[in-house]
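# An overview of the molecular structure
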Amino acid sequence: MADNRAVIYMGPGKVEIKDIDYPTYELKDGPGVNPANVGRKLPHAAILKVVTTNICGSDQHMVRGRTTAPAGLALGHEITGEVVETGPGVEFIKVGDLCSVPFNIACGRCRNCKERKTGICENVNPDRPGSAYGYVDMGGWVGGQAEYVLVPYADWNLLKFPDKDQAMEKILDLTMLSDIFPTGFHGAVTAGVGVGSTVYVAGAGPVGLAAAASAQLLGAAVVIVGDMNADRLKQAESFGCETIDLSQGDPADQIEQLLGVPEVDCGVDAVGFEAKGHGHDGQEAPATVLNTLMDITKAGGALGIPGLYVTGDPGGVDEAAKKGSLSLSLGTGWAKSLSFTTGQCPVMKYHRQLMMAILHDRVQIAKAVNATTISLDEAPQAYADFDSGVAKKFVIDPHGSVAA
Ligand SMILES: NC(=O)c1ccc[n+]([C@@H]2O[C@H](COP(=O)([O-])OP(=O)(O)OC[C@H]3O[C@@H](n4cnc5c(N)ncnc54)[C@H](O)[C@@H]3O)[C@@H](O)[C@H]2O)c1
Ligand SMILES: [Zn+2]
Ligand SMILES: [Zn+2]
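As annotated in an unreviewed UniProt entry, the protein chain is Formaldehyde dehydrogenase, glutathione-independent from Tersicoccus solisilvae. What UniProt states about the protein chain under its Cofactor (unreviewed entry) heading is, verbatim, "Zn(2+)". According to its UniProt record, the protein chain has this under Sequence similarities (unreviewed entry): "Belongs to the zinc-containing alcohol dehydrogenase family."

## Remarks on the overall build of the protein chain
What the protein chain contains, in helices and strands, is 15 helices and 17 strands. A compact globule built from 404 residues should have a C-alpha radius of gyration of about 22 Å, and the protein chain, at 20 Å, falls within 12% of that. Based on the C-alpha atoms only, the size of the protein chain along its principal axes is roughly 60 × 50 × 40 Å. Taken over 404 residues, the protein chain has a buried fraction of 56%. Of the contacts made within the protein chain by residues no fewer than 6 positions apart, 70% connect residues no fewer than 24 positions apart. Taking the 32 positively charged and 47 negatively charged side chains of the protein chain as two groups, their mean positions are separated by 6 Å.

## Focus on the coordination of the zinc ion (ligand 3)
Note on metal geometry: ideal angles are 109.5 degrees for four donors arranged tetrahedrally and 90 or 180 degrees for six donors arranged octahedrally. Each protein donor to the zinc ion (ligand 3) is listed here as Cys107 (SG), Cys110 (SG), Cys113 (SG) and Cys121 (SG); together their distances run 2.3 to 2.4 Å. Geometry at the zinc ion (ligand 3) is tetrahedral, judged from the 4 donor atoms that bind it and their angles of 99 to 118° at the metal. By relative accessible area, which is 1% here, Cys113 ends up buried.

## Side note on the site of ligand 1
For ligand 1, the set of nearby residues contains 31 residues, the closest of which are Ser58, Asp227, Arg232, Lys276 and Cys345. Contact distances for ligand 1 include 3.1 Å between an oxygen atom and a backbone N or O atom of Leu308. For ligand 1, whose free accessible area comes to 870 Å², the fraction covered by protein is 94%. With 3 residues, helix α1 (residues 57-63) is the single largest residue contributor to the shell around ligand 1. The residue inventory of the shell around ligand 1, partitioned by class, reads 15 nonpolar, 12 polar and 4 charged.

## Regarding the pattern of salt bridges
A complete count under the given rule lists 18 salt bridges for this structure. Taking the shortest distance from any N to any O, the salt bridge between Lys18 and Glu16 comes out at 3.2 Å. By relative accessible area, which is 34% here, Lys18 ends up partly exposed. For Glu284, the salt bridge goes to Arg66, with nearest N and O atoms at 2.7 Å. One end of the pair, Glu284, is in the loop between β13 (264-269) and α10 (288-296); the other, Arg66, is in the loop between α1 and β6 (78-86), and 218 residues separate them in sequence. By relative accessible area, which is 8% here, Arg66 ends up buried. In this structure, a network of salt bridges that share partners links the residues Arg64, Arg66, Glu274, Glu284, Asp313 and Asp387.

## Some details on the pairing of strand β10 (residues 198-202)
Of all 5 residues making up β10, 5 are buried, and the element is well covered by its neighbours. Side chains of β10 alternate between two faces, with Thr198, Tyr200 and Ala202 and Val199 and Val201 buried alike. In the sheet, β10 pairs with strand β11 (residues 222-227) via 5 bridges, with the strands oriented parallel. Residue Tyr200 lies in a different strand from β11, and its bridge partner there is Ile224. Handedness of the crossover joining β10 and β11 through helix α7 (residues 206-217): right-handed. Two strands pair when backbone bridges link them, and β10 and β13 are joined in this way by 4 bridges, in the parallel orientation. Residue pairing across strands places Tyr200 opposite Gly267, the latter belonging to β13.

## Considerations on the domain arrangement of the protein chain
Per the domain assignment, the segments of the protein chain are domain 1 (5-179 + 368-396) and domain 2 (180-341). Domain 1 and domain 2 are separated by 27 Å when their C-alpha centres are compared. Between domain 1 and domain 2, the contact holds 22 residues from the first and 23 residues from the second. Inspection of the domain 1/domain 2 interface yields 4 salt bridges. Glu274 is the partner of Arg64 in a salt bridge, and the nearest nitrogen-oxygen pair spans 3.0 Å. Split by residue class, the side of domain 1 that touches domain 2 holds 9 nonpolar, 6 polar and 7 charged.

## Re the coordination of the zinc ion (ligand 2)
The zinc ion (ligand 2) binds to the protein through Cys56 (SG), His77 (NE2), Glu78 (OE) and Asp179 (OD); the donor distances cover 1.9 to 2.3 Å. Taken together, the 4 donor atoms coordinating the zinc ion (ligand 2) and their angles of 90 to 130° define a geometry best described as tetrahedral. The sequence pattern formed by the donor residues of the zinc ion (ligand 2) is C-x20-H-E-x100-D. Placement of Cys56 in the loop between β5 (46-54) and α1 and of Asp179 in the loop between α5 (171-174) and α6 (180-190) is noted, with a sequence separation of 123 residues between them.

Criteria and thresholds
- Numbering of residues starts from 1 in every chain and runs along the sequence as written.
- To read the labels, note that chains go from A and ligands from 1, taken in the order they are written.
- Confidence filtering applies because this is a predicted model: local features only for residues at pLDDT of at least 70, side-chain atom pairs given and counted only at 80 or more, and all residues used for totals across whole chains, interfaces and linings.
- Water and hydrogen atoms were dropped before computing side-chain values, which therefore reflect all heavy atoms in the structure.
- UniProt positions are given in the numbering used here, feature names are shortened, and annotations may be inferred rather than shown by experiment.
- Put simply, DSSP H or I for four residues or longer makes a helix, DSSP E for two residues or longer makes a strand, and each gets a number counted from the N terminus.
- The size measure is the radius of gyration over C-alpha atoms, and the globule rule it meets is 2.2 Å times the number of residues to the 0.38 power.
- When a residue's accessible area, from a 1.4 Å probe over protein chains only, is under 20% of the maximum for its type it is buried; when over 50% it is exposed; and in between it is partly exposed.
- Contact between two residues is taken to exist if any of their heavy atoms lie within 4.5 Å; hydrogens are not considered.
- His is not counted here, nor are the chain ends, while Lys and Arg score as positive and Asp and Glu score as negative.
- For charged residues, the charge sits on one atom: NZ in Lys, CZ in Arg, CG in Asp, CD in Glu.
- Atoms of type N, O and S within 2.8 Å of a metal are treated as its donors, and for Na, K and Ca the window is 3.2 Å; water is not considered, so some sites may appear to be missing partners.
- Every angle between 85 and 135 degrees makes a four-donor site tetrahedral, while opposite donors more than 155 degrees apart, with all other angles between 65 and 115, make a four-donor site square planar and a six-donor site octahedral; other sites are irregular.
- Residues are classed as near a molecule or strand on a simple rule: at least one heavy atom within 4 Å of it.
- Any pair of nitrogen or oxygen atoms within 3.5 Å is treated as a polar contact; in protein, a donor-acceptor pairing is required on top of that, and neighbouring residues in sequence qualify only through side-chain atoms on both sides.
- The Shrake-Rupley method, run with a 1.4 Å probe sphere, supplies the accessible areas, and residue values consider only the shown protein chains as cover.
- Gly counts as polar in this scheme, as do all residues outside two lists: the nonpolar Ala, Val, Leu, Ile, Met, Phe, Trp, Tyr, Cys and Pro, and the charged Asp, Glu, Lys and Arg.
- Each reported salt bridge corresponds to a side-chain nitrogen of Lys or Arg within 4 Å of a carboxyl oxygen of Asp or Glu.
- One bridge is not enough; two strands pair if DSSP finds at least two bridges between them.
- By the criterion used throughout, a crossover qualifies as right-handed when its path from the first strand across the helix to the second strand runs clockwise, the strands pointing away from the viewer.
- Domain boundaries shown here were taken from an automatic or database domain assignment.

If you want it as structure tokens, here you go:
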């Protein structure tokens, strides 16, 4: 029965809006569904009418053909929605609740979940710890760039907004709680950002901008954002960041001009494995950001690495990169006693406190990332525009709830 529509990955460079099944309390076979997950019963799930669902740089890695994502995959892991139905095992979440959905799918019952490491839940992806909606190698949970989506372990995963009317007024900010705001915040926290820190954020995409806004929220003295995309650097300047144009070369000199020393306290990688080299030619050079951060972060400092690195990349620059092996100057990192934090952001660790910061006007995250609302049918164009590097964070509004 086709009473749902979703953004479907059709192959490299191509997404389309297609009819898909309305969710049921069982994980059905389909593109990318792990055989061991087929037929899984989901009495603990809720069905949400999607209010907003954002396009992410993580989706672009798949759509650019840089992962092993299968054609036919329903995309979308950044979801905010209203509960329209609950399974028999849902106890506290109620029909009508307006909720943020952490992009990580987590059971709330395994050792990692109990330790708040919800990005590496052991029970949702038969391949390896960690899962997300609409994502390659993540177990096969159907994506939420759709009209309706199913959220397993609803009592555990969903963050209910305290007041629906108030939430709808700030929905373009709150929609960032499903991923990029906590992810940017996690990048800043794990880079050790605190009051008076100097911070370098590599990448002025939505995650980098969210990391920069988070560093400000955490009290950083100076936040420097580097990219080779002029529009995105302008976006970073619009809320008080210093910027570095990496098409002009490595950032150390420019950091020295800004700070008097060629190093910062804290480094954040908001780029990932499709990083380009610095300077005019800007060829892909996947280890650039990590090696740069090791160079410019002060000894004893920390690197927050939300930027995504994969274990399989059909488009990798060489045989090593195709397997996710990069040429890192780890000796530099070791000599400087740097610490590294990688992996999925455990959204649940941060989303409630960041929701409060939004509701009480402590942060303007929608403005920082230039949240831009579109309809579901405009999503294929928005994927193309985002891929071309526009300084926008696209928010799909599948039912016209935001527009209204
Ligand atoms: N860890 C997590 O939980 C998590 C969550 C969300 C997104 N991500 C990842 O974060 C990364 C950023 O996401 P996004 O949506 O902002 O993506 P994006 O592709 O929009 O932004 C990446 C930016 O990096 C810039 N860039 C390329 N090479 C660079 C370099 N050497 N130095 C500085 N900037 C460079 C690009 O020009 C681009 O503006 C992606 O890899 C995404 O998959 C991770
Ligand atoms: Zn995302
Ligand atoms: Zn778990």
